[in-house]
Amino acid sequence: MKKQAATRPIGVFDSGVGGLTVVRELHRALPHEDIIYLGDTARVPYGTKSPETVTRFAGEDARFLAGKNVKAIVVACNTASAWALAALQARFAVPVFGVISPGARVAVEKTRNRRVGVIATAATIRSRAYPLAVADHDEKARVFARACPLLVPLVEEGWVDHPVTRAVLREYLQPLLRDKIDTLILGCTHYPLLKPLIRRVAGPKIALVDSAECCAQHVCEHLALAGLLNPRLDRKGRIRPFVTDDTAQFEKIADRFLGFPVEQTWRVDLNSTVARSTKG
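Structure report, in brief. (Residues numbered from 1 in each chain as written. Predicted model: local features only at pLDDT ≥ 70, side-chain atom pairs only at ≥ 80, totals over all residues. Heavy atoms only, no water.)

1. Focus: the pattern of salt bridges
Filter applied, for reference: Throughout this description, the term salt bridge denotes a Lys or Arg side-chain nitrogen within 4 Å of a carboxyl oxygen of Asp or Glu. The rule is simple: take the accessible area with a 1.4 Å probe, protein chains only, and divide by the maximum for that residue type; under 20% is buried, over 50% is exposed, in between is partly exposed. Helix numbers and strand numbers start at the N terminus; a helix is a DSSP run of H or I with at least 4 residues, a strand a run of E with at least 2.
Applying the stated rule across the entire model yields 18 salt bridges. Arg 43 is paired through a salt bridge with Asp 40; the nearest N and O atoms lie 2.7 Å apart. Of the two residues, Arg 43 and Asp 40, both sit in the buried class. The shortest N-O distance in the salt bridge between Arg 200 and Asp 161 comes to 2.6 Å. Note that Arg 200 is positioned in helix α10 (residues 195-202) and Asp 161 in the loop between α8 (151-156) and α9 (163-178), a separation of 39 residues in sequence. Classification of Arg 200 as partly exposed rests on a relative accessible area of 49%. Salt bridges sharing common partners tie together Asp 40, Arg 43, Arg 56, Glu 60 and Asp 61.

Given below as structure tokens:
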């Protein structure tokens, strides 16, 4: 039974396109694994919603993926990881992974002065999920957090190396640099696309922790321990995307996040679980 389960796909969901950075890292680490991605683009962003609403939406997203017979569910959304992860882990029989704890663990490993910065959306910062996760690994580490609401729209606009984005990053990062952080967690799955620019603004002495990369590594490790890695290494895994709103806009942005063209995208109604393509 476990061997049969190992050939099933990995399910990943996010409120929009940002979680594709997690998909990209998973695909790099496990190129033979199939991945089903759900972007809840009809209800993005989750960051403006209440914890109760985020938990309900995340449950509906995970239920859709479970209906696709996935072997694991990855919550590739910091807001949903902050508010809904425990509820999802209690509800679903397959392993459910979030993006926050893996990044916090790596930050504690990297920091030399125990002063860790976090940049994320306002909702993730309000949840205090990162300070709590860092404290789980090192109670004496101090966390300095900054909400960066302008970064997501700039990334989706494609302004990942733009003077405006550089100026915005300077404003956001200056307080954290004054706090003498030596490690910075990129606490939103959009932010890996800004990593080169963040490196230039923050300087070479600041260790950057990519939450998408850390999450993918965490998932790989745990699937290996559970015996759930696909044994068929002679094949190329598929990435099958689903969204809850228009596919054309998603595909336009998704190519930038993945670094290669996305497969045909299907639009799905989470209440009916019937998917249909709006291409062609």
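2. Digging into the pairing of strand β9 (residues 239-243)
Using the following cut-off: If DSSP finds at least two bridges between two strands, the strands pair. A crossover gets the label right-handed when its path from the first strand over the helix to the second runs clockwise, viewed with the strands pointing away from the viewer.
For β9, a buried count of 4 out of 5 residues is recorded, marking the element as mostly surrounded by other parts of the structure. Bridge count for strand β2 (residues 35-39) against β9 is 5 bridges, and the pairing is parallel. Paired with Ile 36 across the bridge in β9 is Arg 240. Here 2 bridges tie β9 to strand β10 (residues 266-269), and the two strands are oriented parallel to one another. Across the sheet, Val 243 pairs through a bridge with Arg 267, a residue of β10. Read from β9 through helix α12 (residues 247-258) to β10, the crossover connection turns out right-handed.

3. Here we look at the packing of helix α2 (residues 20-29) against helix α11 (residues 211-225)
A packed helix pair is summarised by two numbers, namely the angle formed by the two axes and the spacing between the axes. The condition that has to hold: Axes, fitted as lines to C-alpha atoms, cover a helix only where it is in contact. Angles between the N-to-C directions of the axes lie from 0 to 180 degrees. For classification purposes, angles smaller than 35 degrees are called roughly parallel, those larger than 145 roughly antiparallel, those between 65 and 115 roughly perpendicular, and all remaining angles oblique. Here a crossing is taken to be left-handed if its near helix is turned anticlockwise relative to the far helix by less than a right angle, and right-handed if that turn runs clockwise. The contact criterion used throughout is that any non-hydrogen atoms of two residues lie within 4.5 Å. Only Asp, Glu, Lys and Arg are considered charged, only Ala, Val, Leu, Ile, Met, Phe, Trp, Tyr, Cys and Pro nonpolar, and every remaining residue, Gly among them, polar.
Put simply, α2 and α11 touch, their axes get as near as 8 Å, and they point 45° apart. The orientation of α2 relative to α11 falls into the category oblique. Here α2 runs over α11; the crossing is right-handed. Only Ala 212, Glu 213, Cys 215, Ala 216, Val 219 and Cys 220 of α11 make contact with α2, whose side of the interface consists of Thr 21, Val 22, Glu 25, Leu 26 and Ala 29. Grouping the amino acids of the contact of α2 with α11 by side-chain chemistry returns 8 nonpolar, 1 polar and 2 charged.

4. What about the packing of α9 against α10?
Packing of α9 against α10 leaves a shortest axis separation of 10 Å and a crossing angle of 55°. Our classification of the angle between α9 and α10 gives oblique. For α9 against α10, the interelement crossing comes out right-handed. Listed contacts from α10 to Thr 165, Arg 166, Leu 169, Arg 170, Leu 173 and Leu 177 of α9 are Leu 197, Ile 198, Arg 200, Val 201 and Ala 202. Taken together, the residues of the contact of α9 with α10 sort by class into 7 nonpolar, 1 polar and 3 charged.

5. A word on the sheet that holds strand β5 (residues 115-120)
Judged by pairing direction, the sheet is parallel, and its 4 strands sit side by side in the order β6-β5-β7-β8 without closing on themselves. Every interior strand has two partners, whereas the edge strands, β6 (142-147) and β8 (207-210), have only one. Direction aside, neighbouring strands of the sheet carry axes that sit 20° apart on average. Of the pairings in the sheet, the one linking β5 to strand β7 (residues 183-186) comprises 4 bridges and is parallel in character. Across the sheet, the residue bridging to Val 116 is Thr 183, located in β7. Along the sheet, α9 makes contact with β5, β6 and β7, crossing β6 at roughly 160°. The strands touched by α11 within the sheet are β7 and β8, with β8 carrying the most contacts at an inclination of about 60°.

6. Some words on the pairing of β5
Most of β5 sits inside the fold, with 5 of its 6 residues counted as buried. Sheet analysis places β5 next to β6, joined by 6 bridges and oriented parallel. Bridge pairing links Ile 119 to Arg 146 in β6.

Remember that the coordinates give geometry; whether it matters functionally is a separate question.
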